[in-house]
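# Chain and residue survey
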Amino acid sequence: MTRHRKLIAALAVVLCGCAGEAGRQAGEGAKYGGVGGAVAGAVSAAIFGGNIAQGAAAGAVTGAASGAAVGAVAGSAADSQKKAAAAPAPETKTAPLRERIGDRNYASALLLAQCKHKEAIASAEETYAGTQDRDQRVYALDIQAVAAEESGDKALAATVYPRIEKEDPSRGNADKLRADALQAVIKVQAARRQNGLPPTCS
């Protein structure tokens, strides 16, 4: 880790007043900041269409700062078992995406980028329960579906699709939603590869 990234990770921990898991995830967030934005964009493209996160990984230090802040918040939530609001991240090309899906969903995408499927699913469920914003609720459910499909938990994925259909009937039936989720898995794996990580989870 470069000196810049170490400083960013340390700053994220100080700002949120957390240690332990938060400190560890701040460091992980700095490492995975760029790919987290790319994965968030990959899932979003499968849901909402388009590519509103194009160029999300541009700027290593900015991506690291964004990831460190989100990682620290995700860690703080794991420590306290309570919902935590994400610290504002620097303005990046991911800003429109983050505004639409919310910082908690962005943190879930960061976990998915790291192949932490169970944590991503749990984080997304907390987001779903904690917001009335339809786009954020749909995105949280889709994160769960993508994480479940990639990790091989077909039974869990099958329970998510009816919830998405109820939340947003325009998305189609369960078969269409599963096809969207599988497409998102492919895009997520491509995002990992494009950011220098193994595309699949061991």
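As a reminder, the structure under discussion sits directly above these lines.
Let me sum up the structure you'll find in this document. (Residues numbered from 1 in each chain as written. Predicted model: local features only at pLDDT ≥ 70, side-chain atom pairs only at ≥ 80, totals over all residues. Heavy atoms only, no water.)

### Details of the nonpolar core
Nonpolar side chains in soluble globular proteins tend to end up buried together. To keep things clear, this is the line we draw: Here, the term nonpolar core denotes a set of buried Ala, Val, Leu, Ile, Met, Phe, Trp, Tyr and Cys residues that are joined through side-chain atoms within 4.5 Å. Here the term buried applies to any residue with accessible area under 20% of the maximum for its type, exposed to any over 50%, and partly exposed to those in between, with areas from a 1.4 Å probe on protein chains only. The helix count covers DSSP runs of H or I at least four residues long, the strand count covers runs of E at least two residues long, and both are numbered beginning at the N terminus. Any two residues whose heavy atoms approach within 4.5 Å at even a single point are treated as in contact.
Grouped together as the largest cluster of nonpolar side chains are 38 residues, with contacts concentrated most on Val39, Leu112, Tyr139 and Ile143. Among the elements of the structure, helix H2 (21-48), helix H4 (95-101), helix H5 (103-113), helix H6 (117-130), helix H7 (134-151), helix H8 (154-167) and helix H9 (174-194) are those that each provide at least two residues to this core. Residues in contact with valine 39, not counting those within four places in the same chain, are Ala109, Leu112, Ala113, Tyr139, Val188 and Ala191.

### Remarks on the environment of glutamine 144
Locating glutamine 144 in the fold gives a position in helix H7. In this structure glutamine 144 comes out as buried when scored by relative accessible area, which is 3%. Taking the C-alpha atoms as reference points, glutamine 144 and isoleucine 121, separated by 23 residues in sequence, lie 4.7 Å from one another. Setting aside chain neighbours within four positions, we find glutamine 144 in contact with Ile121, Ala124, Glu125, Val160 and Arg163.

### What to know about H7
Using the following cut-off: By this rule, a helix spans an expected 1.5 Å times one less than how many residues it contains. Under this definition, polar contacts are N or O atom pairs within 3.5 Å; protein pairs additionally need one hydrogen-donor-capable and one acceptor-capable atom, and for neighbouring residues in sequence, both atoms have to be side-chain atoms.
Here H7 spans 26 Å end to end across 18 residues, near enough to the 26 Å set by a 1.5 Å rise per residue. By the criterion of burial, H7 is predominantly enclosed, with 15 of the 18 residues buried. The N-terminus of H7 is capped by aspartate 133, whose side-chain oxygen sits 3.1 Å from the backbone nitrogen of aspartate 135.

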